[in-house]
Amino acid sequence: MHATIRAILLPEIVRLISEKYQCSEEEAMDRFYDSATGANFSDDETGLYGQSALYIFGLYVDEIEHSA
């Protein structure tokens, strides 16, 4: 079930990243999964998959913009 939820959320997260950072969706997906937010999204223990795509995107942006 968690995999299904992630599969529904991921395209929206990737689209948001692609639009904000003006990159391809493939690059956006790579960037997301290379991030700590992406790792947490993949981990069932964090429960991050239960949040909205916009919330997860916000975490990603915060991570990227405050770690630079």
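So, a few notes on the structure that sits alongside this text. (Residues numbered from 1 in each chain as written. Predicted model: local features only at pLDDT ≥ 70, side-chain atom pairs only at ≥ 80, totals over all residues. Heavy atoms only, no water.)

Here we take up the environment of Met29. You can see Met29 is positioned in helix 2 (residues 25–33). With relative accessibility at 35%, the residue Met29 sits in the partly exposed group. In sequence terms Met29 and Leu10 are 19 residues apart; their C-alpha atoms lie 8.4 Å from each other. Excluding residues that lie within four positions of it along the chain, Met29 makes contacts with Leu10 and Val14. (Helix = DSSP H or I, 4+ residues; strand = E, 2+ residues; numbered from the N terminus. Buried < 20%, exposed > 50% of the residue type's maximum accessible area, 1.4 Å probe, protein only. Contact = heavy atoms within 4.5 Å.)

For Ile17, the position within the fold is in helix 1 (residues 2–21). Those residues in contact with Ile17 that lie beyond four places of it in its chain are Gln22, Cys23, Ala28, Phe32, Phe57 and Tyr60.

Moving on: the pattern of salt bridges. What the rule picks out here adds up to 5 salt bridges. Glu12 is the partner of Arg15 in a salt bridge, and the nearest nitrogen-oxygen pair spans 2.5 Å. Of this pair, Arg15 and Glu12 are both found in helix 1, 3 residues apart, which corresponds to roughly one turn of the helix. Between Arg31 and Glu27 there is a salt bridge; the shortest N-O distance is 2.7 Å. With Arg31 and Glu27 both in helix 2, this residue pair falls 4 residues apart, about one helical turn. Glu27 sits in the partly exposed class, given a relative accessible area of 33%. (Salt bridge = Lys/Arg side-chain N within 4 Å of Asp/Glu carboxyl O.)

Moving on to the side chain of Arg6. Tracing the chain through its elements places Arg6 in helix 1. For Arg6, a relative accessible area of 15% translates into the label buried. One polar contact links Arg6 to Asp44, side chain to side chain, over a distance of 2.8 Å. (Polar contact = N/O pair within 3.5 Å; in protein donor to acceptor, adjacent residues only side chain to side chain.)

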